[in-house]
Structure formats: C-alpha cells, structure tokens
Amino acid sequence: MTHGISRRAKVVAGGLTAGVLISGVAAAAPASAATPAVSCTSSKAGLAAKLKKDITAALATRKGTVAVGLYDRTTNTTCTLRASSAYDSASVVKVTVLATLLWDAKKHNRYLTSTETSLATAMITKSDNTATSKLWKQLGLTKIKGFLAAAKMTQTKPGANGYWGLTQITVTDEQKLLKLVTAANTVLSDNSRAYIQKLMGQVVSSQRWGTPYGAPAGVSVHVKNGWLQRATLGWRVHSVGTFKGGGHDYTITVLTHGNSTMSYGITTIQGVAKVIHKDLMS
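What counts and what doesn't
Residues numbered from 1 in each chain as written. Predicted model: local features only at pLDDT ≥ 70, side-chain atom pairs only at ≥ 80, totals over all residues. Heavy atoms only, no water. Helix = DSSP H or I, 4+ residues; strand = E, 2+ residues; numbered from the N terminus. Buried < 20%, exposed > 50% of the residue type's maximum accessible area, 1.4 Å probe, protein only. Areas by Shrake-Rupley, 256 points an atom, 1.4 Å probe, with all protein chains shown as cover. Phe/Tyr/Trp six-rings, centres within 6.5 Å; stacked < 30°, edge-to-face > 60°. Lys NZ or Arg CZ within 6 Å of the ring centre and 35° of its normal. Expected span 1.5 Å × (residues − 1). Bend = angle between axes of the 7 residues up to and from the residue. Contact = heavy atoms within 4.5 Å. Polar contact = N/O pair within 3.5 Å; in protein donor to acceptor, adjacent residues only side chain to side chain. Pairing = 2+ DSSP bridges. Axes fitted to C-alpha atoms, helices over the stretch in contact; angles between N-to-C directions. Parallel < 35°, antiparallel > 145°, perpendicular 65-115°, else oblique. Left-handed = near helix turned anticlockwise from the far one by under 90°. Nonpolar A, V, L, I, M, F, W, Y, C, P; charged D, E, K, R; others polar. Salt bridge = Lys/Arg side-chain N within 4 Å of Asp/Glu carboxyl O.

Caption draft 1: Broad picture of the overall build of the protein. Scanning the protein for helices and strands turns up ten helices and eight strands. Taking all 282 residues of the protein together, 48% fall into the buried category. Carbon and sulfur atoms make up 57% of the accessible area of the protein, which totals about 13,100 Å².

Caption draft 2: Inspection of the packing of aromatic side chains at higher detail. The full count for this structure, using the stated rule, is three aromatic pairs. Measuring from centroid to centroid gives 5.2 Å for F243 and Y250, while their planes differ by 25 degrees, and the two rings are stacked. Exposure remark for F243: the relative accessible area of 1% places this residue in the buried category. Sitting over the face of the ring of Y264, R62 holds its NZ or CZ atom 3.8 Å from the ring centroid. Over the ring of Y71 we find K179, and its NZ or CZ is 4.1 Å from the ring centre.

Caption draft 3: Region of interest: helix α7 (residues 129–150). In this model, α7 (22 residues) spans only 25 Å end to end at C-alpha, well below the 32 Å of a helix rising 1.5 Å per residue. At G140, α7 shows its maximal kink, close to 90 degrees. Within the span of α7, buried status applies to A131, T132, L135, W136, L139, I144, F147 and L148. Tucked into the core, α7 has its buried residues touching α5 (93–107), α6 (114–125) and α8 (171–182). A side-chain oxygen of the first residue of α7 lies 3.0 Å from the backbone nitrogen of T130; this N-cap is D128.

Caption draft 4: Structural view of the environment of H238. You can see H238 is positioned in strand β7 (residues 235–245). According to the relative accessible area criterion, H238 is buried, its value standing at 0%. For H238 and V92, which are 146 residues apart along the polypeptide, the C-alpha to C-alpha distance reads 6.9 Å. A distance of 3.2 Å separates the side chain of H238 from the backbone nitrogen of T256, its partner in a polar contact.

Caption draft 5: Representation of the sheet that holds β7 in the model. Spatially, six strands are ordered β1-β3-β2-β8-β7-β6 in an open sheet, and the strand pairing comes out antiparallel. Two strands close off the open sheet at either side, each with one partner strand: β1 (39–41) and β6 (220–229). Averaged over neighbouring strand pairs, the angle between their axes works out to 5 degrees when direction is ignored. In terms of strand pairing, β6 meets β7 through ten bridges, oriented antiparallel. Within β7, the residue paired with V223 across the bridge is G241.

Caption draft 6: Main features of the packing of α5 against helix α9 (residues 190–200). Two elements in contact, α5 and α9, have axes whose closest approach is 10 Å; the angle formed by their N-to-C orientations is 150 degrees. Judged by the angle between their axes, α5 and α9 are roughly antiparallel. Here α5 runs over α9; the crossing is right-handed. Contacts between α5 and α9 involve V95, L98, A99 and L102 from the former and S192, Y195, I196, L199 and M200 from the latter. Of the residues assigned to the contact of α5 with α9, the class counts are eight nonpolar, one polar and no charged.

Caption draft 7: Fine view of the pattern of salt bridges. Within this structure, the stated rule accounts for ten salt bridges. In this structure, D54 and K53 form a salt bridge, with 3.7 Å as the shortest nitrogen-oxygen distance. The class for D54 is buried, based on a relative accessible area of 11%. Classification of K53 as exposed rests on a relative accessible area of 60%. K143 is the salt-bridge partner of D104, the closest N and O atoms lying 3.1 Å from each other. Of this pair, D104 sits in helix α5 while K143 sits in helix α7, and the two are 39 residues apart along the sequence. With relative accessibility at 5%, the residue D104 sits in the buried group. Given a relative accessible area of 31%, K143 falls into the partly exposed group. Put simply, K50, K53, D54, K278 and D279 are held in one network by salt bridges that share partners.

Here it is, written out as structure tokens:
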C-alpha cells in the first residue's frame, strides 16, 4: 500500500519530514483537503518566489482559514490565497458603502450633503455601525448592486434585511475595489477616490491594526478593518489597506475566520502584512 502514496501525496505533504510519510496511506488520505498554496507573480526578478515563501511561512502555524491578496503596481506583483473564498464582510464592507454613495452622487451630479459627510466620516474613521446602517438603508440594495456591477465585483453578495455585516466578500473583489480607489478609472471620480483614501487615512489609532503592520516610515497608509464573532467559525477578522511610498504603490487584503479570539486573528493578519511590506521594500 505504501507504494500508492505516489509523488502527488509527497508533494502535498510539502515541507513535512519524511517521518510523517512513514505512516503511509493514512497521511496521504486528506490530499483533497490540503491547504491551497499561495500563488505569486511579479515583473521583479525573485520577488514572487520570496513573497510566496514568506507568506506561506507566516501562515504555517496559524489556525483558522485565511485569504490573502496583494497587488503592487510598481513591480506588477500579485499574490493570492483563497482569492474566491467567501467571508462575512463585517465592517470591511463600509468602504463599499462609501464608494456606492460617491458613485451614486456622481451619477446625479451632486455633492454629498453635510449629513452624508458626517455619516461617512463616522462610518470609516470610527467604524460607526449606526452611521453605516443609515447609509445602507438610504442607498438601498438596488444602488449597492448597481455599484457592484459597475465595479465588476461579481463575487460580492450584499447582506439581506439590512444586515450589511453579513455581506459576502472575497479577496478578488476587495482587491478590485482597492484598485478603483487607488488609480484613475471610470467608476469613481478622482475626487471620490481622494475622499475615500482621506477617510481611510484618518481611521482612529485603535483601529489601525492589520495590514499596516510593518509598513515602513514614509509610506502613506489607508486602512479599513472588520471584526465579528458568530456562533459558527468563531471570529471573522479582516483588514484591507492601500499603501504608497518607498517606490511602491500597493494594496493588501487579508480575510480570516475560524479565529478563537479577535486578537488571534489580528496577529495572523499582521504576520502576513509584516513580510509583505518587508519583501516589497527589500
């Protein structure tokens, strides 16, 4: 039977010691449940391999299910892990709510009202839920779905019955949104993009954990985090960020669930962020 382990099972076992494989077929059985590999591409020689290795190592001892997205315009670098896996959005969806509000205002050729401005500011900088609920209700699902279609965020499913925090999001779509926020496009005006980045740059210090961790001095940081505990899959802890400086222009999304505590999820995200910032700047 041991001959049936095959090369594939050994590849799946990856960096495990040979001792693990001696137990034979039992060790090889869960091949289908093997952790998906981090995938990276880059125009800069050696960078993709380094990122793949370091992100993989950062996650090697972490429990929970983690999805990762990185895109750096400067070196044309992309990394993904579980890019299409769906997660409950928690407060990360607030960036989408703000983008929808600005997209809709632009369509109607109007500025935000003073009420909308104060709600948007509270929603992003303090992660205020009441402000978010008001804007979500004001916009309605038709406009939210309209923005998602315009942004080609086809994997995002808005939460039903006003439960915006249960919107289903993926790394692929969050990275699409961050690309729209950080470069000229036909969906969001330059003013809208600048406004979203301004608010993400003014998030209160207690909520600036996650993807900004390890960002070098001189790099501008814009972040929005989300956290939510539910009976199944424990804590959802997410962080999306945009970064510019040190010769780089990049976006990072890390989505996690199955965390025992919020702080455990934060530590997981920060382990990934730290190696990404370091590898890009080295």
